[in-house]
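Structural overview for review
Each chain, written out:
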Amino acid sequence: MSRSRSKRGACLLYLADHGDVDAIRHDVVSIVVTGERQARLRHLIGAWQWAESRE
């Protein structure tokens, strides 16, 4: 399964569970432990999103 298909599936599952929403945004958070009591955090805001067209 492709990543984009998997992401679409995650959005559809969220919609099924949460009813009437106009948009969905998924963020990605990465945590890399670099040493004892040290880590690097990366937050990719809006890694993928879906918004309903209002045409």
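Calculation criteria
Residues numbered from 1 in each chain as written. Predicted model: local features only at pLDDT ≥ 70, side-chain atom pairs only at ≥ 80, totals over all residues. Heavy atoms only, no water. Helix = DSSP H or I, 4+ residues; strand = E, 2+ residues; numbered from the N terminus. Rg over C-alpha atoms; globule rule 2.2 N^0.38 Å. Buried < 20%, exposed > 50% of the residue type's maximum accessible area, 1.4 Å probe, protein only. Salt bridge = Lys/Arg side-chain N within 4 Å of Asp/Glu carboxyl O. Patch = residues over 30% accessible without salt bridge, like charges linked within 9 Å, V, L, I, M, F, W, Y side chains within 5 Å. Areas by Shrake-Rupley, 256 points an atom, 1.4 Å probe, with all protein chains shown as cover. Pairing = 2+ DSSP bridges.

1. Some remarks on the overall build of the protein chain
The helix and strand inventory of the protein chain stands at one helix and two strands. The order of α-helices and β-strands along the protein chain, N terminus first, is α-β-β. For the protein chain, the C-alpha radius of gyration of 15 Å lies well beyond 10 Å, the compact-globule estimate for 55 residues. Seen through its C-alpha atoms, the protein chain measures out along the principal axes to roughly 50 × 25 × 20 Å. Considering the protein chain as a whole, with its 55 residues, one finds that 9% of them fall into the buried category.

2. A short note on the pattern of salt bridges
Under the counting rule described, the total for this entry stands at one salt bridge. Residue Asp27 pairs with Arg25 through a salt bridge whose shortest N-O separation is 2.8 Å.

3. Some remarks on a nonpolar patch on the surface
Judged by side-chain polarity, Val29, Ile31 and Leu41 come together as a nonpolar surface patch covering roughly 330 Å² of accessible area. Counting through the fold element by element, Leu41 comes out in strand E2 (residues 38–51). Residue classification places Leu41 among the exposed positions, given a relative accessible area of 61%.

4. Quick notes on the pairing of E2
Little of E2 is tucked away, with one of its 14 residues classed as buried. Pairing analysis gives 11 bridges linking strand E1 (residues 23–35) to E2, with the strands arranged antiparallel. Across the sheet, the residue bridging to Val33 is Ala39, located in E2. Count of turn residues in the E1/E2 antiparallel hairpin: two residues, of which Arg37 carries a positive phi of about 65°.

5. A look at unusual backbone geometry
Positive phi values are uncommon outside glycine, yet Arg37 reaches one of about 65°. Along the polypeptide, Arg37 turns up in the loop between E1 and E2.

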